[in-house]
Amino acid sequence: MRSLRRQLIRLLDQARIEQHAERVPPRIAAALVHDFMTLLPLGEHSEAVALRVRSISHRDIHRHIVTIRCPDQAFFLDAIKGYLLKKGITPLMQQTMVAMIECDERQCVLELKPPGEQAEANFMFIALHISATLVKDIRPCARDIHAILRAVHLSVRDFAPMRRHVADCATRLLGTQPDAGALLEWLNDNRYLYFGLRHRRMRLGLFRDARTMRHVAPGLAEAIATLPPPERCGVEWFPLPALHHYLYSAATVELARISWRADDGALAWTLVLGHFSRSARHTNASHTPVLAARWRRLAQSRLLRHSAFYQREIRTIYDRLPKPALLCTQPEDWLKPMRNTVDMANATDATCALLPPRTPGTPILYIAISALRYGPNTRQALFDRLRDEAGIVVHGHESIGIGPHRVILAYCDANLRHGAPISGIDITHVQHLISDAVTFWKDRAKAAILAHSEHFSVPAALAEVLRVPPLYEHLFPPEQLWRDIAMRQRIHQDGRIHIRLRRMDPTHLDIHVLSARPLLLGRMVNQIQAFGLLAEQESMVPLGNAGLTLHINRIVARANDPLDEPTLNRLHVGLERVFNKMADHDPLNELILTTGLSINEVAILITLRNYLIQLLPDAARPPLIDMLLKHAECSRRLIDYFIQLHHPHIERRNAAAARQAFLDALERVTTLTEDRWFRALEALVTASLRTNAFTRAPDAPIALKIDPRQLDFIPEPKPWRETFVHGVELEGIHL
């Protein structure tokens with residue numbers, strides 16, 4: 001055994017050098033040698049395929065190592081790769097080598113062999129290194145791989161008998177169904193991969209092992225048991241849902257039934273499981289037996305007889321379509337969707353049709369879109385929308401690129417026969433979903449620009465769509481682009497900062513601060529949070545070029561309470577005035593949300609507060625702010641009293657009631673200092689004689705004319721009249 005181990009180490013190193021692979025760490029190399037030693041076919045009764053699994057760590061690399069021994073056939077490795085691809089597993093490393101071992105009474109000799117010789121004594125070693133981080137539990141994966149190895153071994157072992165039986169079936173059909181017999185002969189000429197065959201009591205390939213079949217093709221045996229008996233001679237293809245859940249095949253697996261008249265006159269039949277070979281899939285369908293006759297029948301339609309253009313283009317599509325899909329449907333059902341595909345001209349065009357099968361199975365949803373719009377993300381988004389919005393579950397699909405178009409054949413979850421009504425599926429709605437899925441952000445942005453062309457230069461705006469930053473597409477809907485282009489021109493003309501608000505839910509706001517120049521993030525957040533909002537997310541996107549740029553600052557903020565429409569309107573006005581220095585950046589702005597005050601009314605309260613700070617030695621700004629916010633009802637009633645006294649459109653007869661409402665609210669103030677300060681503010685309102693607070697321009701300061709003789713807390717000598725002026729850049733001026 002030591003000699004054999006040394007030979008194996010040497011062969012592994014030789015294979016690594018020949019394949020230009022990197023040297024593996026010693027611990028992993030030792031594990032490979034041990035597992036391959038265990039898998040060596042040393043006994044006469046050793047299984048044809050074997051597998052071992054272990055998990056190992058090396059420094060910060062954690063991996064599962066799956067070691068496999070199988071015959072020297074490419075089908076085994078292809079099947080494993082197909083399975084890993086379907087599962088979305090990308091191995092960290094893959095190692096393969098082909099070897100042969102000969103033993104006599106004295107020793108065993110292990111020799112490296114060129115791959116592909118397919119000698120019976122040759123075997124292949126495969127080592128798959130799979131990330132233990134991405135695949136937590138390797139055991140289900142290992143069971144799947146072992147079942148795949150057994151399935152491939154059964155198919156390879158019985159491939160020749162299956163071909164002979166299909167050749168016999170072709171001979172039986174040539175007399176009565178020459179097209180069907182010719183199709184079988186054509187397939188048998190290395191154009192079909194046979195996975196399994198079943199005829200009466202004969203079981204070949206995968207049909208030999210029911211347990212492996214249940215593992216590799218779950219639900220297939222049950223679906224076969226429900227198939228109705230054949231009604232006529234020929235070859236039928238069954239688009240069963242279970243075939244699309246086949247564990248490893250890269251191509252779509254097919255189930256065909258060959259039927260012929262036996263000597264006693266009864267219909268005999270054979271089931272064949274497999275799929276067309278790669279070369280057969282690329283052969284033109286109109287040159288294939290059976291399908292060639294169907295094309296000739298289709299070519300006799302009025303559309304194709306009178307238009308050489310449609311005949312050429314539709315034949316191109318027909319030739320590229322998957323042959324099993326054509327064989328299990330009626331050729332006439334394909335004519336309309338193929339013509340609609342030819343007529344597609346724009347990148348956002350799409351067409352679809354639902355094609356019922358001739359035999360029991362899933363109908364085929366034919367989808368044609370622009371090849372420019374096709375990709376795995378688009379396809380998955382389309383299937384998700386079909387499932388969520390149309391109730392159509394796709395079991396499997398095939399896609400074919402045909403010139404500028406991409407045709408997707410989706411096998412759906414209905415059970416229909418040809419001629420049966422297609423109920424429960426609104427094909428018009430499905431068409432809308434498909435068109436919507438291939439209409440991208442830039443398409444919608446261009447459509448919105450064309451719909452509002454009166455606002456700007458359309459050619460320049462359409463060109464700008466192509467230069468939109470990716471972050472802009474991620475954050476904003478396409479219909480917003482034309483508004484931002486128009487807003488950019490407006491902002492560069494008026495020089496103002498503009499605010500846009502959108503309510504995301506009852507308490508969350510999407511705030512856009514639009515400016516011609518960059519703004520400091522910290523200052524923006526402080527100004528917004530002064531309104532009682534909590535900023536949670538921030539991003540900035542420039543739109544335009546160096547000469548003409550709109551800076552869009554997006555801030556997602558949360559309020560403590562739900563926001564109604566009037567509150568949003570007051571907040572919008574307040575934010576715009578604060579950002580444009582037409583109103584104070586002050587913590588009292590929070591009263592706009594909590595009390596319903598406007599930004600102008602908050603400015604009056606700020607003016608009264610600042611006046612009181614200059615009159616009372618112990619009154620300071622921070623405690624006064626805390627008091628006015630804590631007792632928001634008193635603040636609200638104080639401003640109501642001021643409005644009743646000074647608003648030009650309100651009679652003063654309700655002033656006494658407003659003052660009493662303030663005094664009633666004051667009863668809930670429990671500290672002596674706060675009570676004294678609130679009463680001083682009420683005295684200031686009572687002593688005010690005149691104000692411009694309700695007639696001024698938004699950016700003008702507020703002026704209060706006061707009778708100091710009514711204020712007992714002003715020291716002597718008291719002036720006859722005093723005017724206090726407060727503005728954003730003009731604060732605390734006495735006249």
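The model shown is predicted, which means the values in this text are computed figures rather than measured ones.

Q: Would you mind going over the side chain of Thr-270 with me for this structure?
A: As for its placement among the helices and strands, Thr-270 is situated in strand 10 (residues 267–276). A residue is classified by how much of its surface remains accessible, and Thr-270, at 0% relative accessible area, is buried. Reaching out from Thr-270, the side chain makes a polar contact with the side chain of His-199 at a distance of 3.1 Å. Beyond its immediate sequence surroundings of up to four residues, Thr-270 is in contact with His-165, Cys-169, Leu-197, Arg-198, His-199, Ala-256, Arg-257, Ile-258 and Trp-260.

Q: In this structure, what is going on with the environment of Gly-403? I would like to understand it.
A: Turning to its location among the elements, Gly-403 is positioned in the loop between strand 13 (396–402) and strand 14 (405–411). Among the residues examined, Gly-403 registers a relative accessible area of 67% and is labelled exposed. Counting along the chain gives 32 residues from Gly-403 to Ala-371, while the straight-line C-alpha distance between them is 7.8 Å.

Q: Whenever I open this one, the layout of surface pockets confuses me. Can you help?
A: In this approach the atoms are scanned with a rolling probe the size of a water molecule, which exposes any empty space left behind. Empty space within the largest pocket amounts to approximately 1100 Å³. For the lining of the largest pocket, the elements supplying multiple residues, two or more each, are helix 3 (74–87), helix 4 (139–157), strand 6 (192–199), strand 10, helix 9 (278–281), helix 12 (308–320), helix 13 (323–327) and strand 13. Top contributing element to the lining of the largest pocket by residue count: helix 3, with six residues.

Q: What exactly am I supposed to notice about helix 20 (residues 480–494) here?
A: Owing to its 3.6 residues per turn, the α-helix brings residues three or four apart onto one side. When the terminal C-alpha atoms of helix 20 are compared, their 21 Å separation across 15 residues agrees well with the 21 Å that a helix rising 1.5 Å per residue should span. For helix 20, the set of buried residues is Gln-480, Leu-481, Trp-482, Asp-484, Ile-485, Met-487, Arg-488 and Ile-491. Gly-495 lies just past helix 20 and shows a positive phi near 70 degrees.

Q: What should I look at first to understand the sheet that holds strand 7 (residues 202–205) in this one?
A: Across a sheet, strands are paired by hydrogen bonds formed along the backbone, either parallel or antiparallel in direction. Strand order in the open sheet formed by five strands is 7-6-10-9-8, with antiparallel pairing between adjacent strands. Single-partner strands in this sheet number two, and they are strand 7 and strand 8 (234–238). Strand-to-strand twist in this sheet, taken as the mean axis angle between neighbours without regard to direction, amounts to 25 degrees. Pairing analysis gives four bridges linking strand 6 to strand 7, with the strands arranged antiparallel.

Q: Whenever I open this one, the sheet that holds strand 16 (residues 508–515) confuses me. Can you help?
A: Spatial strand order, 15-16-18-17: four strands in an open sheet with antiparallel pairing. Each edge of the open sheet is held by one strand with a lone partner, namely strand 15 (498–505) and strand 17 (534–544). Here the strands of the sheet are splayed against their neighbours by 20 degrees on average, with no regard to which way each runs. Note that strand 17 and strand 18 (residues 549–558) share ten bridges and pair antiparallel. Across the sheet, residue Gly-544 finds its bridge partner in strand 18, namely Thr-549.

Q: How do you make sense of the packing of aromatic side chains when you look at a structure like this?
A: Aromatic ring pairs: the centre-centre distance and the angle between the two ring planes describe each pair. Taken as a whole, this structure holds 18 aromatic pairs when the rule is applied. Look at Trp-295 and Tyr-318: their rings are 5.2 Å apart centre to centre, the planes differ by 40 degrees, and that puts the pair in the tilted class. A residue pair is termed long-range when its members are at least 10 positions apart, and Trp-295 in helix 10 (residues 291–299) and Tyr-318 in helix 12 qualify at 23 residues. Taking relative accessible area as the criterion, Trp-295 reaches 5% and is therefore assigned buried. When its relative accessible area of 1% is taken as the criterion, Tyr-318 is described as buried. Relative to Tyr-472, the ring of Trp-441 has its centre 5.8 Å away and its plane inclined at 85 degrees; by these criteria the two rings are edge-to-face. Of the two residues, Trp-441 sits in helix 17 (residues 441–451) while Tyr-472 sits in helix 19 (residues 470–475), which places them 31 residues apart along the sequence. An identical accessibility class is assigned to Trp-441 and Tyr-472; each is buried. The cationic tip of Arg-373 hangs over the ring face of Phe-440; the distance from NZ or CZ to the ring centre is 4.5 Å. Above the plane of the ring of Trp-720 lies Arg-721, whose end atom (NZ or CZ) is 4.0 Å from the centre.

Q: I tried to follow the pairing of strand 11 (residues 350–355) on my own but got confused; where do I start?
A: Successive residues of a regular strand alternate their side chains across the two faces of the sheet. Burial within strand 11 is extensive, with six of its six residues counted as buried. Of the two faces of strand 11, the one lined by Ala-350, Cys-352 and Leu-354 and the one lined by Thr-351, Ala-353 and Leu-355 are each fully buried.

Q: Explanation requested: the pattern of salt bridges in the structure shown.
A: Close approach of charged atoms lets side chains of opposite charge pair. Under the counting rule described, the total for this entry stands at 37 salt bridges. With its nearest N and O atoms 3.5 Å apart, the salt bridge here joins Arg-191 to Asp-189. Judged by its relative accessible area of 23%, Arg-191 falls in the partly exposed class. In this structure, Asp-388 and Arg-387 form a salt bridge, with 2.9 Å as the shortest nitrogen-oxygen distance. Judged by its relative accessible area of 54%, Asp-388 falls in the exposed class. On the basis of relative accessibility, which here comes to 41%, the residue Arg-387 falls in the partly exposed class. The network of salt bridges with shared partners includes Arg-385, Glu-389, Asp-436 and Arg-444.

The rules behind these values
Residues numbered from 1 in each chain as written. Predicted model: local features only at pLDDT ≥ 70, side-chain atom pairs only at ≥ 80, totals over all residues. Heavy atoms only, no water. Helix = DSSP H or I, 4+ residues; strand = E, 2+ residues; numbered from the N terminus. Buried < 20%, exposed > 50% of the residue type's maximum accessible area, 1.4 Å probe, protein only. Polar contact = N/O pair within 3.5 Å; in protein donor to acceptor, adjacent residues only side chain to side chain. Contact = heavy atoms within 4.5 Å. 1 Å grid on protein atoms, 1.4 Å probe; cavity = no way out; pocket = protein on both sides within 12 Å on 5 of 7 lines; lining within 4 Å. Points joined across faces, edges and corners; volume = space filled by probe spheres on them. Expected span 1.5 Å × (residues − 1). Pairing = 2+ DSSP bridges. Axes fitted to C-alpha atoms, helices over the stretch in contact; angles between N-to-C directions. Phe/Tyr/Trp six-rings, centres within 6.5 Å; stacked < 30°, edge-to-face > 60°. Lys NZ or Arg CZ within 6 Å of the ring centre and 35° of its normal. Salt bridge = Lys/Arg side-chain N within 4 Å of Asp/Glu carboxyl O.

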